[in-house]
Amino acid sequence: MKEAVYISGAPSAGPDLQELLGLVARGDQDAFAKVYDAVSGPVLGLVRSVLRDPAQSEEVAQEVLVEVWRSAPRFRASRGGAMNWVLTLAHRRAVDRVRSAEASAAREHRAALLERTPAFDEVTEQVESRLEREQVRRCMRTLSGLQRQSVTLAYYRGLTYREVSELLSVPLGTIKTRLRDGLIRLRDCLGVSS
């Protein structure tokens, strides 16, 4: 049977970390002071390795130790050692801080991009829309009467080619030809390239 090896040479006379956490869970402040002394160095080291910023590392380490005080009743020795439990709390808190900082930076970046985006100019849009409508009306006047009638029924009233043919009592092929020729003239008049 192997004997336990102690770094300091001999086992400590007081309770171990697991027993101290049990006392902390019952509100023992002296036990918490001993837990603090035992874990504060490793907690700060772990947090600093994740965050790399000394000021934030100290802040997060302090938050972790406050969490140890508050959540000591949740510690279960059957799930693992006391030091592992404390370091798990520290690692989770440090990772949460990193994620929070990244999310904040992403929000700020999106906000900066939105500030650079030109605002929507409603007046300009209305003027452009009116000019386009007027140009379409002018081009519609260049069509023959039969072409204009066919295009109006098909594209402004939403009738199918067959419905336009029946409404005007003209063969379907003739309607298709009128519409094709009318649309070509409109395209040329509007300057749209195909």
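Please read these numbers as outputs of a predicted model, since none were measured by experiment. (Residues numbered from 1 in each chain as written. Predicted model: local features only at pLDDT ≥ 70, side-chain atom pairs only at ≥ 80, totals over all residues. Heavy atoms only, no water.)

### Topic: the state of the cysteines
As enumerated under the stated definition, the model contains one disulfide in all. There is a disulfide in this structure between Cys-139 and Cys-189, and the S-S distance comes to 2.0 Å. Here Cys-139 and Cys-189 share a disulfide; its torsion about the S-S bond, -80°, makes the bridge left-handed. Of this pair, Cys-139 sits in helix α5 (residues 122–140) while Cys-189 is found in helix α8 (residues 172–190), placing the two residues 50 residues apart along the sequence. By relative accessible area, Cys-139 is classed as buried at 0%. Its relative accessible area of 27% is what places Cys-189 among the partly exposed residues. (Disulfide = S-S within 2.5 Å. Helix = DSSP H or I, 4+ residues; strand = E, 2+ residues; numbered from the N terminus. Buried < 20%, exposed > 50% of the residue type's maximum accessible area, 1.4 Å probe, protein only.)

### Some remarks on the packing of aromatic side chains
Taken as a whole and judged by the stated rule, the model has three aromatic pairs. The structure contains a cluster of three or more aromatic residues connected by ring pairs, namely Phe-32, Tyr-36 and Trp-69. (Phe/Tyr/Trp six-rings, centres within 6.5 Å; stacked < 30°, edge-to-face > 60°.)

### Digging into the pattern of salt bridges
Counted under the stated rule, the structure contains eight salt bridges. The shortest N-O distance in the salt bridge between Glu-63 and Arg-93 comes to 3.2 Å. Residue Glu-63 is found in helix α3 (residues 54–71), and its partner Arg-93 is found in helix α4 (residues 82–116); the two are separated by 30 residues along the sequence. Among the residues examined, Glu-63 registers a relative accessible area of 25% and is labelled partly exposed. Here Arg-93 falls in the partly exposed class, since its relative accessible area comes to 25%. Note that Arg-97 and Glu-63 form a salt bridge whose closest N and O atoms lie 2.8 Å from each other. Of this pair, Arg-97 sits in helix α4 while Glu-63 sits in helix α3; the two residues are 34 residues apart in sequence, bridging distant segments of the chain. Classification of Arg-97 as buried rests on a relative accessible area of 17%. Where salt bridges share partners, they join Glu-59, Glu-63, Glu-67, Arg-93 and Arg-97 into one cluster. (Salt bridge = Lys/Arg side-chain N within 4 Å of Asp/Glu carboxyl O.)

### Focus on the packing of helix α1 (residues 17–25) against α4
The N-to-C vectors of α1 and α4 enclose an angle of 65°; their axes lie 8 Å apart at closest approach. Contacts between α1 and α4 pair Leu-17, Gln-18 and Leu-21 from the former with Ala-82, Met-83 and Trp-85 from the latter. Of the residues assigned to the contact of α1 with α4, the class counts are five nonpolar, one polar and no charged. (Axes fitted to C-alpha atoms, helices over the stretch in contact; angles between N-to-C directions. Contact = heavy atoms within 4.5 Å. Nonpolar A, V, L, I, M, F, W, Y, C, P; charged D, E, K, R; others polar.)

### Considerations on the environment of Gln-29
If you trace the backbone, Gln-29 turns up in helix α2 (residues 29–51). Remark: the alpha-carbon pair of Gln-29 and Leu-153, spanning 124 residues in sequence, is separated by 88 Å.

### Some thoughts on the side chain of Ser-165
As for its placement among the helices and strands, Ser-165 is situated in helix α7 (residues 161–168). Take Ser-165: its relative accessible area is 11%, and that puts it in the buried class. Within polar-contact distance, the side chain of Ser-165 engages the backbone nitrogen of Leu-172 at 3.3 Å. Those residues in contact with Ser-165, other than ones at most four positions away along the chain, are Val-170, Pro-171, Leu-172 and Ile-175. (Polar contact = N/O pair within 3.5 Å; in protein donor to acceptor, adjacent residues only side chain to side chain.)

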